[in-house]
Amino acid sequence: MSTLEAPERPHDDVGEHDDEHHDHPTDKKYVKIAVILAVLTAAEIATYPGEDLLGSFLIPILLVLMVIKFWYVAAFFMHLKFDARMFSWVFIAGLATAAIVYIIVLATFEFFV
Amino acid sequence: MAEVTIPAPVVTHDGHGHGTTTGVSNPKLGMWVFLGSECMLFGGLISTYLLYKDRIGDAGIAGRDVFDIPFTSVSSFVLLMSSLTMVLAVSAIGRGDHRRTRTWLLATAMLGGVFIAGQLYEFTAFYREGLGFTTSLFSSAFFTLTGFHGVHVTVGIVMLLSLYTLSLKGRLPTERAESVEIVGLYWHFVDIVWILIFTLVYLIP
């Protein structure tokens, strides 16, 4: 005979991975984020005719805009800000590994010189 | 007779237990692991492009000679907006609104199709200007990177249309909303990769 027995776990002892279902943003919020992303993209495109004007600031500005857009999509559209932390860590692990490996590769080939 | 005790699935405090040892959905975790590994793939392709972008060979055709930034900007905007329609599809199926889910899934697939059509047009234009896959190290790296991304978008479109068909046949109930969310994760990742490509390949001189 078998019985079904739920493990006893107090609510405050379930670990951070159990907070997977926090309230996700509303559709209105998603549209707002899309507008922000569109504005950031417009700002990126605006740097194209103004390359000479921006000079050495061009690349840092583009990289910052790129990272902000990346963060908005990952945090809100992919729900990393609201889902279980485990998902974030898995993704960050892949991202960080790739970044470290390929920065070393680029440095080896004297890309930054 | 000996009594066998089978532990019941862990039910979280908010009632959304997944019955897994991690407490999170295995398919969703699997998709995140896959996306983590995809970072390595695209990292390699982007690094290769960065290393070879100045190796334009005898043809002498550099990226800036052929890139049509206004056209690619529109393509980028289309793909970015497809992320909005995708997240709206995920939101709609979460509410059990299947009609809207289908609308947003189809809109996402169509926007993805527009992006791919734009990429094919761009590739054709480059070829006509003398930039083929084997013209130079730069062209090989460029076509490999953007081509791989295009293949990912195409696979995403196939998945979106599959979900659309399933929903039409009534085989995508609200209980299977996670399937839409998982395809959504893939789609947003493809969008994120394009955010990187657009900046690193097209905009940075």
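Now for a quick tour of the structure. Bear in mind the structure is a predicted one, so any value in this text is a computation, not a measurement.

For chain A, the helix and strand inventory stands at four helices and one strand. Sequence-ordered secondary structure for chain A, helices as α and strands as β, is β-α-α-α-α. Residues counted as buried form 37% of the 113 residues belonging to chain A. Across chain A, the fraction of contacts at a sequence separation of at least 24, relative to all contacts at a separation of at least 6, is 64%. Counting every atom, chain A has about 6900 Å² of accessible surface; 68% of that belongs to carbon and sulfur.

Within the secondary structure layout, Ser76(B) lies in helix 3 (residues 69-94). Leaving out residues up to four positions away in the same chain, Ser76(B) has contacts with Trp194(B) and Phe198(B).

On the surface, Val31(A), Val35(A) and Val39(A) cluster together to form a nonpolar patch covering roughly 240 Å² of accessible area. Judged by relative accessible area, Val35(A) falls into the partly exposed class, the value being 48%.

On to helix 3 (residues 58-77) of chain A, then. The terminal C-alpha atoms of helix 3 of chain A lie 28 Å apart, and with 20 residues this matches the ideal 28 Å at 1.5 Å per residue to within 8%. Burial in helix 3 of chain A covers these residues: Leu58(A), Leu62(A), Leu65(A), Met66(A), Lys69(A), Phe70(A), Tyr72(A), Val73(A), Ala74(A), Ala75(A), Phe76(A) and Phe77(A). Those residues of helix 3 of chain A hidden inside the fold are in contact with helix 1 (27-46), helix 2 (51-54) and helix 4 (85-108) of chain A together with helix 3 and helix 6 (177-203) of chain B. Downstream of helix 3 of chain A by a residue or two, His79(A) has a phi angle that is positive, lying close to 65°.

A few words now on the packing of aromatic side chains. Ring pairs (aromatic) are described by centroid distance and by the angle formed between their planes. Residues and elements named next belong to chain A. Scanning the model with the defined rule gives 26 aromatic pairs over all chains in all. Seen in terms of ring centroids, Trp-71 and Phe-76 are 5.6 Å apart; in terms of plane orientation they differ by 85°. Their pairing is edge-to-face. The exposure class assigned to Trp-71 is partly exposed, which follows from its relative accessible area of 45%. For Phe-76, a relative accessible area of 7% gives the class buried.

It is worth spelling out the packing of helix 4 (residues 98-128) of chain B against helix 6 of chain B at this point. All names here are of chain B. Where helix 4 meets helix 6, the closest approach of the two axes is 13 Å, and the angle between their N-to-C directions is 30°. It follows from the interaxial angle that helix 4 and helix 6 lie roughly parallel. The handedness of the crossing between helix 4 and helix 6 is left-handed. Here Leu-105, Thr-108, Gly-112, Phe-115, Gln-119 and Glu-122 of helix 4 come into contact with helix 6, specifically with Val-180, Trp-187, Trp-194 and Tyr-202.

Here we take up the layout of surface pockets. All names here are of chain A. One number sums up the size of the largest pocket: a volume of about 890 Å³. Considering every element that reaches the lining of the largest pocket, the biggest residue donor is helix 4, with nine residues. Classifying every residue of the lining of the largest pocket gives 27 nonpolar, three polar and one charged.

Cut-offs and rules
- Positions within a chain are numbered from 1, following the residues in the order the chain's sequence is written.
- Note on labels: chains are lettered from A, ligands numbered from 1, in written order.
- Only residues with pLDDT of at least 70 are given local features in this predicted model, and only at 80 or more are side-chain atom pairs given and counted; all residues enter the totals for whole chains, interfaces and linings.
- As a rule here, side-chain values cover all heavy atoms of the structure and leave hydrogens and water aside.
- Runs of E in the DSSP output that reach at least two residues are strands. Runs of H or I that reach at least four are helices, and both are numbered from the N terminus.
- Residue burial is assigned from relative accessible area. The probe radius is 1.4 Å, only protein chains are included, and a residue is buried under 20% of its type maximum, exposed over 50%, and partly exposed in between.
- Whether two residues are in contact is decided by their heavy atoms, any of which lying within 4.5 Å being enough.
- Computed with the Shrake-Rupley method and a 1.4 Å probe, the accessible areas treat only the protein chains shown as cover for residues.
- Patch definition: residues above 30% relative accessible area lacking any salt bridge, with like charges linked at up to 9 Å and the nonpolar side chains Val, Leu, Ile, Met, Phe, Trp and Tyr linked at up to 5 Å.
- Note on definitions: salt bridges are taken to be side-chain nitrogens of Lys or Arg within 4 Å of carboxyl oxygens of Asp or Glu.
- Take the number of residues in a helix, subtract one, and multiply by 1.5 Å to get its expected span.
- By convention, a stacked pair of Phe, Tyr or Trp rings (six-membered ring in the case of Trp) has centres within 6.5 Å and planes under 30 degrees apart, an edge-to-face pair has planes over 60 apart, and any other such pair is tilted.
- Helix axes use the C-alpha atoms of the stretch in contact, all axes being lines fitted to C-alpha atoms, and the angles between their N-to-C directions lie in the range 0 to 180 degrees.
- Put simply, angles under 35 degrees are roughly parallel, angles over 145 are roughly antiparallel, angles from 65 to 115 are roughly perpendicular, and the rest are oblique.
- Definitions for this section: a left-handed crossing has its near helix turned counterclockwise from the far helix by less than a right angle. A right-handed crossing has that turn clockwise.
- In this analysis, the protein atoms alone were mapped onto a 1 Å grid. Cavities are point sets where a 1.4 Å probe fits without being able to get out; pockets are open sets with protein on both sides within 12 Å along at least five of seven lines; lining residues have an atom within 4 Å of a point.
- Grid points are joined across faces, edges and corners, and a volume is the space filled by probe spheres set on the points.
- Gly is placed with the polar residues, together with every amino acid not listed as nonpolar (Ala, Val, Leu, Ile, Met, Phe, Trp, Tyr, Cys and Pro) or charged (Asp, Glu, Lys and Arg).

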